Amino acid sequence: MINIYPGKFWCYCWKYITPSCIALILATGIYGYRPLEIMRTNSSYLYPEWSNFTGWLVAASSCILIPLVAIYRLCTAKGSFKERLIFTITPERDQKAKKQSKEDQLLSNAIISEQVKDSNIC
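All of these numbers come straight from a predicted model, not from anything done at the bench.

## Quick word on the overall build of the protein chain
If you tally the helices and strands in the protein chain, you get 6 helices and 2 strands. Written out in order from the N terminus, the α and β elements of the protein chain read α-β-β-α-α-α-α-α. Relative to its full complement of 122 residues, the protein chain shows a buried share of 7%. Of the roughly 11,100 Å² of accessible surface on the protein chain, a fraction of 66% belongs to carbon and sulfur atoms.

Here's what the structure looks like:
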């Protein structure tokens, strides 16, 4: 977008650190789950199961689309499973480069190799 590429640190964080932290947070949240209960001085109120389910549904609604779209794109891509998987996880800018003619691709490869020399690309 602005023709500046992130450094190796950020690429490493986006590929490994952040997904690991999110998986750890999700696992500890599920492992340590207790139904919601309000404690008062004289009594306590335990929320019903349907309200806990609704809360989990609302929380999951923002995250569930990511794997659903990934599965949809994997199923609708053309080729063998390995080709579809590679196509699905390849950034769009790289997919567009593959569709260019060979002359344009050679030119863009030369430009990219110049950028690689000047900066760190993931």
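## Observations concerning the packing of aromatic side chains
Inspection of the entire model under this criterion finds 5 aromatic pairs. Judged by centre distance (6.3 Å) and plane angle (35°), the rings of Trp10 and Trp14 are tilted. Here the residue Trp10 and the residue Trp14 both occupy positions in helix α1 (residues 8-31), the gap between them amounting to 4 residues, near one helical turn. Under the relative-accessibility criterion, Trp14 is labelled exposed at 53%. Judged by centre distance (5.1 Å) and plane angle (75°), the rings of Tyr45 and Tyr47 are edge-to-face.

## Here we look at a nonpolar patch on the surface
Together, Leu26, Ile30, Tyr33 and Trp56 line one region of the surface with nonpolar side chains, adding up to about 410 Å² of accessible area. Checked against the element boundaries, Ile30 lands in helix α1. In this structure Ile30 comes out as exposed when scored by relative accessible area, which is 52%.

## Overview of the side chain of Asn52
Counting through the fold element by element, Asn52 comes out in helix α2 (residues 49-61). Not counting residues up to four positions away in its chain, the partners in contact with Asn52 are Tyr33, Pro35, Leu36 and Tyr47.

## Notes on the packing of helix α3 (residues 65-76) against helix α4 (residues 81-89)
One way to put it is that α3 packs onto α4 with a least axis distance of 9 Å and a crossing angle of 135°. When the axes of α3 and α4 are compared, the pair comes out oblique. Taken as a pair, α3 and α4 cross one another with a handedness that is right-handed. In this structure, α3 contributes Ala70, Arg73, Leu74 and Cys75 to the contact, and α4 contributes Phe81, Arg84, Leu85 and Thr88. Considered class by class, the residues forming the contact of α3 with α4 number 5 nonpolar, 1 polar and 2 charged.

Rules used throughout
- Residues numbered from 1 in each chain as written.
- Predicted model: local features only at pLDDT ≥ 70, side-chain atom pairs only at ≥ 80, totals over all residues.
- Heavy atoms only, no water.
- Helix = DSSP H or I, 4+ residues; strand = E, 2+ residues; numbered from the N terminus.
- Buried < 20%, exposed > 50% of the residue type's maximum accessible area, 1.4 Å probe, protein only.
- Areas by Shrake-Rupley, 256 points an atom, 1.4 Å probe, with all protein chains shown as cover.
- Phe/Tyr/Trp six-rings, centres within 6.5 Å; stacked < 30°, edge-to-face > 60°.
- Patch = residues over 30% accessible without salt bridge, like charges linked within 9 Å, V, L, I, M, F, W, Y side chains within 5 Å.
- Salt bridge = Lys/Arg side-chain N within 4 Å of Asp/Glu carboxyl O.
- Contact = heavy atoms within 4.5 Å.
- Axes fitted to C-alpha atoms, helices over the stretch in contact; angles between N-to-C directions.
- Parallel < 35°, antiparallel > 145°, perpendicular 65-115°, else oblique.
- Left-handed = near helix turned anticlockwise from the far one by under 90°.
- Nonpolar A, V, L, I, M, F, W, Y, C, P; charged D, E, K, R; others polar.

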